[in-house]
Amino acid sequence: MTTEQTLAISCEFFPPRTDKGVLKLHQTREQLQILHPTFFSVTFGAGGSTQEKTFETVKEIQKHSGFDAAPHLSCIGSTRENILKLLQDYQAHGIHRIVALRGDKPSGWAGHLGEFRHANELVEFIRTETGKHFFIEVAAYPEFHPEAHSTKADLDFFKQKVQAGADSAITQYFYNADAYFRLVDNCVERDIDIPIVPGIMPISNYEQLARFSDTCGAEIPRWLRRRLKDFEDDKEGLQAFGVDVVTKLCERLLEGGAPGLHFYTLNQAKLTLEIATHLGLIVNA
Ligand code: FAD
């Protein structure tokens, strides 16, 4: 892989809750700037629980990094008025990229579901209210969304989001490249022609990864689970093995035509940088 190819590299953060976390994210972001990412994105807590911190983090990145910041915006539990206010605030701060999502109900939440049912309604709302101002990213699922009634329905609903005005998609993470390629083929069959950027989760901790995967429906293949489990307390060994596995996954994806890579960094730079180095993505290193 050469740097002349214009790959869409992006890195995802969550908004830190503490001053220490803010400092750590600042360092992480500075380290990752060597990747010359298309954007840094910042997640939005379920039901809007991190709304202010997402906003603060996005503003800080946009103002100080020299790279685009893209807030995630989930609509579940929200109102048109609230979403419009957020969009206007982002516009006023020079943000022109957004990751538009339905989101999940926080566990134990008995609140109102809000005025938006699905992400396609949010995308449509953003386009109606702000025209072409925002470049809109949406979510895609190579292993299908856990609530999908059928694979066909999931793909048809994905197409609705694209028709509502999405410009690009980022996938849920996965460790099975064939699932991604199959998704891309299915999109081509449906005349969906936006870029679908694979979401990449570096492997840093087996228990944490297993927990995430059980929640979001991303599969850790049996062989990989068994191997990761065998590392037990050998964190360094596990991470080195994880870098090798994920680098090979990325190589296959890029060789197969993936338009870029979106790294779920969990606010840590080390593993993303190691994978990127193996892939030859570091500019001027
Ligand atoms: P949708 O596209 O609305 O799909 C959700 C489900 O509804 C699917 O099963 C789909 O098949 C079905 N569906 C879609 N449209 C319709 C329709 N019109 N009628 C009937 N059924 C429909 N969550 C957060 O809370 N904060 C984040 O910051 C965040 N960032 C994410 C980033 C990425 C790249 C990804 C892949 C996920 C992220 N998530 C985040 C998780 C996401 O919010 C959940 O996966 C959520 O359950 C679905 O969101 P969605 O936008 O894909 O929803």
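Chemist: Looking at this model, I keep getting lost on empty space enclosed by the protein. Mind explaining?
Modeler: For the structure on display, the rule yields one cavity of 30 Å³ or more. Taken as a whole, the largest cavity encloses approximately 40 Å³ of empty space. Class assignment of the residues belonging to the lining of the largest cavity gives a composition of six nonpolar, two polar and one charged.

Chemist: Before we go on, may I ask you to explain the state of the cysteines in this structure?
Modeler: By definition, a disulfide is the covalent link that joins the sulfur atoms of two cysteine residues. Applying the stated rule across the entire model yields zero disulfides. Cysteine Cys11 remains unbridged, with the sulfur of Cys250 as its closest cysteine sulfur at 12 Å. Residue classification places Cys11 among the buried positions, given a relative accessible area of 0%. Free of any disulfide, Cys75 has its nearest neighbouring cysteine sulfur in Cys216, separated by 18 Å. Using a relative accessible area of 0% as the deciding quantity, one classes Cys75 as buried.

Chemist: So what exactly am I meant to see when it comes to the sheet that holds strand E8 (residues 260-264) here?
Modeler: Backbone hydrogen bonds hold the strands of a sheet together, and the pairing may be parallel or antiparallel. Taken together, eight strands build a closed barrel; the order of strands is E1-E2-E3-E4-E5-E6-E7-E8 and the barrel is parallel. Neighbour to neighbour, the strand axes of the sheet diverge by 25 degrees on average, direction disregarded. As paired elements, strand E4 (residues 97-101) and strand E5 (residues 135-140) share three bridges and run parallel to each other. Bridging across to E5, Ile98 finds its partner in Ile136. Most of the contacts of helix H3 (residues 80-92) go to strand E3 (residues 68-74), to which it runs at about 180 degrees, and overall it touches E3 and E4.

Chemist: What exactly am I supposed to notice about unusual backbone geometry here?
Modeler: Phi is mostly negative for residues that are not glycine, and the peptide bonds are mostly trans. Even without a glycine there, the phi angle at Asp191 is positive, about 55 degrees. Secondary-structure assignment places Asp191 in the loop between helix H6 (177-189) and strand E7 (196-200). Even without glycine at this site, Leu266 takes up a positive phi of about 50 degrees. Looking at the element boundaries, Leu266 is found in the loop between E8 and helix H10 (270-279). A relative accessible area of 27% means that Leu266 is categorised as partly exposed.

Chemist: What is the right way to read the side chain of Thr247 from this model?
Modeler: Within the secondary structure, Thr247 is located in helix H9 (residues 235-255). Residue contacts for Thr247: discarding those within four places in its chain leaves Ile275, His278 and Leu279.

Chemist: I'm lost on the packing of aromatic side chains in this one. Help?
Modeler: Geometry of an aromatic ring pair is reported as the spacing of the ring centres plus the angle between the planes. The final tally for this structure, using the stated rule, is nine aromatic pairs. Between Tyr180 and Phe181, the aromatic rings sit 5.5 Å apart at their centres with planes inclined by 70 degrees, giving edge-to-face as the arrangement. As far as burial versus exposure is concerned, Tyr180 and Phe181 are alike and both buried. Taking the ring centre of Phe116 as reference, the NZ or CZ of Arg80 above it sits at 5.1 Å. For the cation-ring pair, Arg97 lies above Phe135, with the distance from its terminal atom to the ring centre recorded as 4.3 Å.

Definitions and cut-offs
- Residues numbered from 1 in each chain as written.
- Predicted model: local features only at pLDDT ≥ 70, side-chain atom pairs only at ≥ 80, totals over all residues.
- Heavy atoms only, no water.
- 1 Å grid on protein atoms, 1.4 Å probe; cavity = no way out; pocket = protein on both sides within 12 Å on 5 of 7 lines; lining within 4 Å.
- Points joined across faces, edges and corners; volume = space filled by probe spheres on them.
- Nonpolar A, V, L, I, M, F, W, Y, C, P; charged D, E, K, R; others polar.
- Disulfide = S-S within 2.5 Å.
- Buried < 20%, exposed > 50% of the residue type's maximum accessible area, 1.4 Å probe, protein only.
- Pairing = 2+ DSSP bridges.
- Helix = DSSP H or I, 4+ residues; strand = E, 2+ residues; numbered from the N terminus.
- Axes fitted to C-alpha atoms, helices over the stretch in contact; angles between N-to-C directions.
- Contact = heavy atoms within 4.5 Å.
- Phe/Tyr/Trp six-rings, centres within 6.5 Å; stacked < 30°, edge-to-face > 60°.
- Lys NZ or Arg CZ within 6 Å of the ring centre and 35° of its normal.

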